[in-house]
Every structure is written in structure tokens, then in C-alpha cells.
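Understanding the architecture of this molecule
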Amino acid sequence: FPVTIPPKTDTEKPSAEDTVKREKLTADIYQIIRQRRPDDADTIIPQSQMTIINTDKGARAARIPIQGATAYGGLESAAIRTAHIIQYNLMNALLDVEAACRAKQVNRMAMFILRPDTTDEKWNTLVDNAIDRVLWRAPSHCHFAADSNRETLAREIIEFALAA
């Protein structure tokens, strides 16, 4: 019996123009923080996103793009083309933040996620599922914020990083 597999539709994934890479997101968020809170920007934005963690197996590097005085946060884009890559990137970010918090004895941690700016319900469901598969594993004290608007996400980051 011949089997016909329907072609994938354009609504299954965002177009390349709709995707936002981690580096672009981080640069955009840093710019917004510098514009909104120039006096606090150096407290929130690290000189280097990479933090060295000393372990019994040697030094390891962790990417920590949000580093408040008493808090660390991960920043990732879910506005990319593949759901399993979203999940992979989020898990790596969460593990980096968790490991850095544990090693540096930082009690406050967060994950900030840029959601895709789309009305495609199917794609939004795939993104939500990818996010859920990671965040249910996060420690209960991990703050979480996700939004499709960079300004809103930057405001969340500022509030988190500057909270006592």
C-alpha cells in the first residue's frame, strides 16, 4: 500500500526572519537595561557572561548572562526554529545557573525566556511544551519569566536583579 506523507506546512516552524538567536537577544536586553537603568547596568550586566566554577574535577565555565549582586539568571531565546533545540538550550542554561549558584553560594536564581512573537497556536504549544519539559526540573526557588516582548523581559530582569 502506498503511503502519502503530507508536506510540512509553514505554520509548523517560524520563518528564519522570525527567529532570535541567543547572542542577539542578550545584546538587545543589555541595551534596554543600559537605557532604562544606566546607574544599575554594571550591577546587572557582567563583564563576562562566562563564570568560572571550581570543582573537584577542575575549573568549569558556566554562562551566566544576568549577574546581580545576590542573584544569577539565565537568558535564552525560545524564538528559534526547532522545539528540541529550545529544550536543549533551556536545559543547558538552567544547569549553568544552578551550578553557578551552588558553587558561588548565590541563593537567588532565575530563568528569563524570550517567547516567539506569533499567533500560531500549534507553534506556541510546541514552544510551551519544550519550556515545560525543562522548567518542571528547576528548583522550586527558581524565578521564571517568559515573554515575547524584550522590553517586558528586560523589566523583569531589572526587578529580579535589583531585589534585595
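Refer to the structure above for everything that follows.
Here is a short report on the structure shown in this document.

What counts, and at which threshold
- What you see as residue numbers is a count from 1 along each chain, following the sequence as written.
- Where local features are concerned, this predicted model is filtered to residues with pLDDT of at least 70; where side-chain atom pairs are given and counted, the filter is 80 or more; whole-chain, interface and lining totals use all residues.
- Working from all heavy atoms in the structure, the side-chain values ignore hydrogens and water.
- Comment: elements are numbered from the N terminus, with helices defined as DSSP H or I runs of at least four residues and strands as E runs of at least two.
- Exposure categories follow from relative accessible area, calculated using a 1.4 Å probe and restricted to protein chains: below 20% of the type maximum is buried, above 50% is exposed, and the middle band is partly exposed.
- Contacts were defined at the residue level, with two residues in contact if any of their heavy atoms lie within 4.5 Å.
- Using the Shrake-Rupley algorithm and a 1.4 Å probe, accessible areas are obtained, with residue cover drawn only from the displayed protein chains.
- The span expected for a helix works out to 1.5 Å for each residue beyond the first.
- By the convention used here, strands pair only if DSSP detects at least 2 bridges between them.
- Note on definitions: angles span 0 to 180 degrees between N-to-C directions of axes, and those axes are lines fitted to C-alpha atoms, for helices only across the stretch in contact.
- Aromatic pairs are defined between Phe, Tyr and Trp rings, using the six-membered ring for Trp, whenever the two ring centres lie within 6.5 Å; interplanar angles under 30 degrees are classed as stacked, those over 60 as edge-to-face, and all others as tilted.
- Salt bridge, as used here, is a side-chain nitrogen of Lys or Arg placed within 4 Å of a carboxyl oxygen of Asp or Glu.

Topic: the overall build of the chain
Looking only at helices and strands, the chain features five helices and six strands. Secondary structure of the chain in N-to-C order comes out as α-α-β-β-β-β-α-β-α-β-α. Counting across all 164 residues of the chain, residues that qualify as buried make up 43%. Taking as baseline every contact in the chain between residues at least 6 positions apart, the subset at least 24 positions apart corresponds to 69%. Carbon together with sulfur atoms contributes 50% to the accessible area of the chain, which is approximately 9,600 Å² in total.

So, helix H3 (residues 83-104)
Between its first and last C-alpha, H3 extends 32 Å over 22 residues, near the 32 Å set by a 1.5 Å rise per residue. Burial in H3 covers these residues: Ala83, Ile86, Asn89, Leu90, Met91, Ala93, Leu94, Val97, Ala100 and Cys101. Turning to H3, the residues buried within the fold contact helix H1 (22-36), strand E1 (50-55), strand E4 (71-77), strand E5 (108-114), helix H4 (121-135) and strand E6 (142-147). Looking one or two residues beyond H3, the residue adopting positive phi is Gln105, at roughly 55°.

Observations concerning the sheet that holds strand E3 (residues 66-68)
The strand order across the open sheet built from four strands is E3-E4-E5-E6, with neighbouring strands paired in mixed fashion. Of all the strands in the sheet, the pair left with one neighbour each is E3 and E6. On average, adjacent strands in this sheet sit at an angle of 15° to one another, irrespective of strand direction. Here three bridges tie E3 to E4, and the two strands are oriented antiparallel to one another. The residue bridging Gln67 from the neighbouring strand is Tyr72, located in E4.

Details of the packing of aromatic side chains
Considering all chains together, one arrives at one aromatic pair under this definition. Taking 5.7 Å as the distance between ring centres and 65° as the angle between the ring planes, the aromatic pair formed by Phe112 and Phe160 counts as edge-to-face. Here Phe160 lies in helix H5 (residues 150-162) and Phe112 lies in strand E5, a separation of 48 residues in the sequence. By relative accessible area, which is 8% here, Phe160 ends up buried.

Considering the pairing of E1
In this sheet, strand E2 (residues 58-63) lies alongside E1 in antiparallel orientation, the contact comprising six bridges. Within E2, the position partnered with Asn54 by the bridge is Ala59. As consecutive antiparallel partners, E1 and E2 are separated by two residues.

Comments concerning unusual backbone geometry
Phi is positive for Gln105, which is not a glycine, with a value near 55°. Within the fold, Gln105 resides in the loop between H3 and E5. Owing to a relative accessible area of 69%, Gln105 belongs among the exposed residues under this scheme.

Comments concerning the pattern of salt bridges
The final tally for this structure, using the stated rule, is seven salt bridges. Arg22 serves as the salt-bridge partner of Glu76, at 2.8 Å between the closest nitrogen and oxygen. Of this pair, Glu76 sits in strand E4 while Arg22 sits in helix H1, placing them 54 residues apart in sequence. Using a relative accessible area of 2% as the deciding quantity, one classes Glu76 as buried. Relative accessible area serves as the criterion here: at 26%, Arg22 is assigned to the partly exposed category. Between Glu151 and Arg36 there is a salt bridge, and its shortest N-O distance comes to 2.9 Å. One end of the pair, Glu151, is in helix H5; the other, Arg36, is in helix H1, and 115 residues separate them in sequence. Judged by its relative accessible area of 35%, Glu151 is partly exposed. Looking at Arg36, the relative accessible area reads 35%, which means it is partly exposed. Residues joined by salt bridges that share partners form a network here, namely Arg22, Arg63 and Glu76.

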